[in-house]
Structure formats: structure tokens, C-alpha cells
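The primary structure of each chain is shown beneath.
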Amino acid sequence: TIGNPFYGPMQIGKAACDQVNKEQAGLCNWDLIRRGGFEGAKNSIESGVAYLDWLLKASPYLTKDNIDFYLLALAYNAGPGSLNNIVETAADRNNIPPAQVQWRDVNYQDVSVGMTRIGASWARDPAKWNEIWEYPNFVAFVLNQQCEGDYFANYRTSTSSITLSP
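Keep in mind it's a predicted model, so treat the numbers as computed, not measured. (Residues numbered from 1 in each chain as written. Predicted model: local features only at pLDDT ≥ 70, side-chain atom pairs only at ≥ 80, totals over all residues. Heavy atoms only, no water.)

What follows covers the overall build of the protein chain. Looking only at helices and strands, the protein chain has 7 helices and 4 strands in total. Counting from the amino terminus, the protein chain carries its helices and strands in the arrangement β-β-α-α-α-α-α-α-α-β-β. For the protein chain, the residues scored as buried account for 44% of the 166 residues in total. In the form shown here, the protein chain has an accessible surface area of approximately 9,000 Å², with 50% of it arising from carbon and sulfur atoms. (Helix = DSSP H or I, 4+ residues; strand = E, 2+ residues; numbered from the N terminus. Buried < 20%, exposed > 50% of the residue type's maximum accessible area, 1.4 Å probe, protein only. Areas by Shrake-Rupley, 256 points an atom, 1.4 Å probe, with all protein chains shown as cover.)

As C-alpha cells, this is what we get:
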């Protein structure tokens, strides 16, 4: 994508790499990820896991104890601020506390309204809303295919670990 490239198997962007390095100095090697190859792919995966781990701390609506995989995938794609806005919009529409919102409570309108609350021009783009709406389902499909229907993945590094079981 012009002006906002993402690299490696985990599609790491510069902002995510910088965030990972705030938490774990030097873990994400942006130049290595951009160069690719085995070491770049490995660093992309390690950095992606660290970013997922950070997302679980960055949003009050994600926890390691009870991961809503779809909301986590949404946050990975759109960022924790976007997730928070979308969850709060869904909570308002469903008349439930935001902490009780699950992916099944979120609809396309919640995505469009929640993203519009951000105020940035990219957040008002319906193409981005479509991407955010479709991404969690796409990731779940791919994960299901890769895990042979188990819907379970576990990746661990020396500093981070994540288990996904939607």
C-alpha cells in the first residue's frame, strides 16, 4: 500500500514495529522485516506476536483470560483506538456495557460509526470499513484451514506468547 507498507507473514507496519519496540526494545527490526527472507519472516512473526500481546494490554475490551479472536483480529488490523470506538458504538446500539460486547454483537454500522469517530480522513473511507469488517472473518477462515479445523493456534517466543481459540 502506498505510503503505508506492511511486510512479512504478519504484515507488520512501521507503527506496529515502533510500538513493539516501546515495549521490548529492539525486538522488531524494521529493516530486516522489509528485506524479507527467512530472518525477516521470523522477525515479522515474533514482532506480530509481541504486537498481539501488546494489544491485549492496550484495550480494555481485550484480555488474555478471555480472548475474543475476532475483536483481536479487528484491533490488529485497525488498531486499539478503532477497536475501542467500534466496541463502544456496538455497546450503545445493543444497550449493554462495552466490556460485554463480543464480535457477534458488532455489525457493519458499528464499524462505520466507530471509525468515523476517529476523525482521520482514512477512517472515513468506506473501503477501510469493508476491510475492517471482513478481516476478522478472513483471518478465522485462514486459521481454520491452517489448523485443520481446530481453530487453535499457539505461538511462543522468549518474551511473548499468544494462544488463539475463537
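Quick look at the state of the cysteines now. Scanning the model with the defined rule gives 1 disulfide in all. Shown here is the disulfide that connects Cys-17 with Cys-28, its sulfur atoms set 2.1 Å apart. Linking Cys-17 and Cys-28, the disulfide has an S-S dihedral of approximately -120° and is accordingly described as left-handed. Of this pair, Cys-17 sits in helix α1 (residues 14-23) while Cys-28 sits in the loop between α1 and α2 (30-35); the two residues are 11 residues apart in sequence, bridging distant segments of the chain. Both residues of the pair, Cys-17 and Cys-28, belong to the buried class. (Disulfide = S-S within 2.5 Å.)

This paragraph deals with the packing of helix α3 (residues 37-58) against helix α4 (residues 69-78). It is at 10 Å that the axes of α3 and α4 come closest, and there the two elements cross at 110°. For the element pair α3 / α4, the angle class is roughly perpendicular. When the axes of α3 and α4 are compared, the crossing they make is right-handed. Of the residues in α4, those touching α3 at Gly-48, Tyr-51, Leu-52, Leu-55 and Leu-56 are Leu-72, Ala-75 and Tyr-76. Counted by class, the contact of α3 with α4 contains 7 nonpolar, 1 polar and no charged residues. (Axes fitted to C-alpha atoms, helices over the stretch in contact; angles between N-to-C directions. Parallel < 35°, antiparallel > 145°, perpendicular 65-115°, else oblique. Left-handed = near helix turned anticlockwise from the far one by under 90°. Contact = heavy atoms within 4.5 Å. Nonpolar A, V, L, I, M, F, W, Y, C, P; charged D, E, K, R; others polar.)

Looking now at the packing of aromatic side chains. One pair of aromatic rings is described through two measures. These are the centre distance and the angle between the planes. Going through the model one piece at a time under the given rule, you end up with 7 aromatic pairs. Between Tyr-51 and Trp-54, the aromatic rings sit 5.6 Å apart at their centres with planes inclined by 25°, giving stacked as the arrangement. Here Tyr-51 pairs with Trp-54, and both are found in helix α3, just 3 residues apart, close to one helical turn. Comparing Tyr-51 with Trp-54 shows no difference in burial state: the two are buried. (Phe/Tyr/Trp six-rings, centres within 6.5 Å; stacked < 30°, edge-to-face > 60°.)

Buried within α1 we find Ala-16, Cys-17, Gln-19 and Val-20. Seen from one end, α1 has its buried residues packed into an arc of 160°, which puts them on one side. Among the exposed residues of α1, those pointing more than 90 degrees away from its buried face are Ala-15 and Lys-22. Tucked inside the fold, the buried residues of α1 contact β2 (12-13), α2 and α3. (Arc of directions from axis to C-beta.)

Side chains three or four residues apart in an α-helix point the same way, a direct result of the helix having 3.6 residues per turn. Taking burial as the measure, the 10 residues of α4 include 10 buried ones, the bulk of the element. Within α4, the full set of buried residues consists of Phe-69, Tyr-70, Leu-71, Leu-72, Ala-73, Leu-74, Ala-75, Tyr-76, Asn-77 and Ala-78. Where α4 begins, the capping side chain belongs to Asp-68, and its oxygen is found 3.1 Å from the backbone nitrogen of Tyr-70. (Polar contact = N/O pair within 3.5 Å; in protein donor to acceptor, adjacent residues only side chain to side chain.)

Time to look at the pattern of salt bridges. The full count for this structure, using the stated rule, is 5 salt bridges. The residue Lys-14 makes a salt bridge to Asp-18 at a minimum N-O spacing of 2.8 Å. On the criterion of helical spacing, the pair formed by Lys-14 and Asp-18 is a turn pair, its members being 4 residues apart in helix α1. With relative accessibility at 40%, the residue Lys-14 sits in the partly exposed group. With relative accessibility at 33%, the residue Asp-18 sits in the partly exposed group. A salt bridge links Asp-92 to Arg-117, with the shortest nitrogen-to-oxygen separation between them at 3.5 Å. Here Asp-92, found in helix α5 (residues 80-94), pairs with Arg-117, found in the loop between α6 (108-116) and α7 (126-146); they are 25 residues apart in sequence, far enough to count as distant. Assessed through its relative accessible area of 56%, Asp-92 is described here as exposed. (Salt bridge = Lys/Arg side-chain N within 4 Å of Asp/Glu carboxyl O.)

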